[in-house]
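Given next are the chains, with one letter for each unit.
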Amino acid sequence: MYNIVNEDDFKYVMQDVSRYYFGARLSYDEILRQEMAPFKFKTILERYLLKDIGGDTTLESHLYHLTEESFEARVYKQLKARVRVSQYKKNRTDLYQEKLYTINELATYTPEEKEQMGMIVRELVISKLALFAFSV
């Protein structure tokens, strides 16, 4: 097991011109309390996602176990969500590389396959345009 010195470094909400970025260690309850999180995304969480998931669930855990058939995956697909992961690469020098997956791509892997790939979920990225177009 590894020791994380400062868990809060992985709990953030940021934005740029076209996207919102959520640190994967945030729980859904923490997102709802975040001032920087967009109101519409909070509403989507309350109305659609948190009916079947506990508020103490982290993005990291939920996205890691997401399946293609799940309703939550369909919601994230509508938001054009992508997930930034660190993935273990074995070659001459073993290292972690960052990769950005769509929800479709990420959900095709089982948690066991993700573990074999050395995948660590780091960040949820949501399109502002898709959030704007999402009908609540």
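Refer to the structure printed above.
In this report, we go over the structure that sits alongside the text. (Residues numbered from 1 in each chain as written. Predicted model: local features only at pLDDT ≥ 70, side-chain atom pairs only at ≥ 80, totals over all residues. Heavy atoms only, no water.)

### Comments concerning the nonpolar core
Here is step 1 of the chain: Of all hydrophobic cores here, the largest spans 34 residues; its most connected members are Phe-22, Phe-41, Leu-63, Tyr-76 and Leu-124.
Here is step 2 of the chain: If you list the elements that add at least two residues to this core, you get strand S2 (19–23), helix H1 (28–33), helix H2 (39–49), helix H3 (59–64), helix H4 (71–78), strand S3 (82–89), helix H5 (103–107) and strand S5 (119–127).
Here is step 3 of the chain: Ignoring any residue separated from it by four or fewer positions in sequence, one finds Tyr-76 in contact with Tyr-28, Phe-41, Leu-45, Leu-49, Leu-59, His-62, Leu-63, Leu-66, Ala-81, Ile-103 and Leu-124. (Core = buried A, V, L, I, M, F, W, Y, C linked by side-chain atoms within 4.5 Å. Buried < 20%, exposed > 50% of the residue type's maximum accessible area, 1.4 Å probe, protein only. Helix = DSSP H or I, 4+ residues; strand = E, 2+ residues; numbered from the N terminus. Contact = heavy atoms within 4.5 Å.)

### Describing the pattern of salt bridges
Side-chain pairs of opposite charge can arise where the charged atoms are in close proximity.
Here is step 1 of the chain: This structure, assessed with the given rule, holds four salt bridges.
Here is step 2 of the chain: The salt bridge partner of Lys-11 is Glu-30, with a shortest N-O separation of 2.9 Å. Separated by 19 residues along the polypeptide, Lys-11 in the segment before strand S1 (13–15) and Glu-30 in helix H1 bring together distant segments of the chain.
Here is step 3 of the chain: Accessibility expressed as a relative area gives 24% for Lys-11, which makes it partly exposed.
Here is step 4 of the chain: A salt bridge links Arg-25 to Glu-60; the nearest nitrogen and oxygen atoms lie 2.9 Å apart. A residue pair is termed long-range when its members are at least 10 positions apart, and Arg-25 in the loop between S2 and H1 and Glu-60 in helix H3 qualify at 35 residues. With respect to class, Arg-25 is no different from Glu-60; both count as buried.
Here is step 5 of the chain: Via salt bridges that share partners, Arg-84, Glu-98 and Glu-123 belong to a single interconnected network. (Salt bridge = Lys/Arg side-chain N within 4 Å of Asp/Glu carboxyl O.)

Note that every value here comes from positions in space, so none of it alone points to a role or purpose.
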